[in-house]
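# Coordinate inspection notes
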Amino acid sequence: MEAIRNIKTTGTVWPSSPHLIRKMLSAIDFDKADYIVEFGVGNGNITRELLENMKPGSKLLAFEINGQFYQQQKDELKDERLVLINDSAEEIETYLKRLHISKVNYVVSGLPLTNLGKTFCESLLTKTHKILPKNGKYIQFQYSLSQYNLIKKHFSKVKIKFTALNIPPAVVYVCSK
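Each residue is numbered by its place in its chain's sequence as written, counting from 1. The model is predicted, so local features are restricted to residues of pLDDT at least 70 and side-chain atom pairs to those at 80 or more, both for listing and for counting; the totals for chains, interfaces and linings are taken over all residues. The basis for the side-chain values is all heavy atoms of the structure; hydrogens and waters are excluded.

## With respect to the overall build of the chain
Quick note on the threshold: Only DSSP runs of H or I reaching four residues or more are called helices, and only runs of E reaching two or more are called strands; each is numbered from the N terminus. Values of the radius of gyration come from C-alpha atoms, whereas the globule rule sets the reference at 2.2 Å times the count of residues to the power 0.38. Throughout, exposure labels follow a simple rule: accessible area from a 1.4 Å probe, protein chains only, divided by the maximum for the residue type, with under 20% read as buried, over 50% as exposed, and the rest as partly exposed.
When helices and strands are counted, the chain shows eight helices and seven strands. Taking 177 residues into account, the globule formula puts the C-alpha radius of gyration at 16 Å, and the chain, at 15 Å, falls close to it. Considering only C-alpha atoms, the chain reaches an extent of 35 × 35 × 30 Å along its principal axes. For the chain, with 177 residues in total, the buried portion stands at 49%.

## Regarding the sheet that holds strand β6 (residues 157-163)
Quick note on the threshold: If DSSP finds at least two bridges between two strands, the strands pair. Orientation is described by lines fitted to C-alpha atoms, with helices fitted over the stretch in contact, and by angles between N-to-C directions that extend from 0 to 180 degrees. Contacts between residues were defined by any pair of non-hydrogen atoms, one from each residue, lying within 4.5 Å.
Spatially, seven strands are ordered β3-β2-β1-β4-β5-β7-β6 in an open sheet, and the strand pairing comes out mixed. In this open sheet, the two edge strands, each paired with only one partner strand, are β3 (82-85) and β6. Taken pair by pair, the neighbouring strands of this sheet meet at an average axis angle of 15°, ignoring direction. Two elements, strand β2 (residues 59-63) and β3, share four bridges in a ladder whose sense is parallel. Residue pairing for β3: Phe 63 is matched across the bridge by Ile 85. Helix α4 (residues 45-53) rests against β1 (35-39), β2, β3, β4 (106-109) and β5 (137-142) of the sheet, and its axis sits at about 170° to β1.

## Brief notes about helix α7 (residues 118-131)
Put simply, the rule is: Helix span, as expected, comes to 1.5 Å for every residue beyond the first.
Helix length check: α7, at 14 residues, gives a terminal C-alpha distance of 20 Å against a target of 20 Å (1.5 Å per residue), a fit within 8%. Where α7 is concerned, the buried positions are Phe 120, Cys 121, Glu 122, Ser 123, Leu 124, Leu 125, Thr 128 and Ile 131. Among the structural elements, β1, α6 (92-98), β4, β5 and α8 (148-154) are those in contact with the buried residues of α7.

## Regarding the packing of aromatic side chains
The geometry of an aromatic ring pair is captured by two quantities: the separation of the ring centres and the angle between the planes. We apply this condition: We call Phe, Tyr and Trp rings a pair once their centres come within 6.5 Å, taking the six-membered ring for Trp, and we label the pair stacked below 30 degrees between planes, edge-to-face above 60, and tilted otherwise.
Tallied over the full model, the rule gives four aromatic pairs. Judged by centre distance (5.3 Å) and plane angle (20°), the ring pair of Tyr 138 and Phe 155 falls under stacked. Placement of Tyr 138 in strand β5 and of Phe 155 in the loop between α8 and β6 is noted, with a sequence separation of 17 residues between them. Joined through ring pairs, the aromatic side chains of Phe 39, Phe 63 and Tyr 95 make up one cluster.

## So, unusual backbone geometry
Each neighbour pair has its own omega, and for Ile 167 with Pro 168 the value is -10°, a cis peptide bond. Along the chain, Pro 168 falls in the loop between β6 and β7 (170-176). A positive phi angle is found at His 100, which is not glycine, with a value near 60°. Structurally, His 100 is set in the loop between α6 and β4.

Structure (structure tokens):
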């Protein structure tokens, strides 16, 4: 119900399928992932899979701006590797500084870029590029290719994976510097 009430920021009314989540996470080398950031926790499907695959001692900074989704995941997800943040993903640099983290290995995002406006997206992609090391990756799913040019403007290498087994079908962007 919360997804319908806040469709602009949730971007969908249907949870990500296991097929979509597997396709996104296949781009992550969990043995080398000390710090992962997730933009848009939502119902926690991707968050749970990230935690299930992460090594001991690694950290997941997970951003969720929606208060109800945040509280639900705070109550359900109990893992010392998880830092759940009820704030905009655009504040990533503030939280990394506060936690004394200079770079992250991966950024995973389900944010509906098409709905969030060009200024926000430009800012978020600039900050995401800045916090990733040369071998880091930004993994974003969307329901269309409409944001390809914007993403390509910030990341020189963009691979696209299509996932038909999701409602609606989705596109996964795997981006690196």
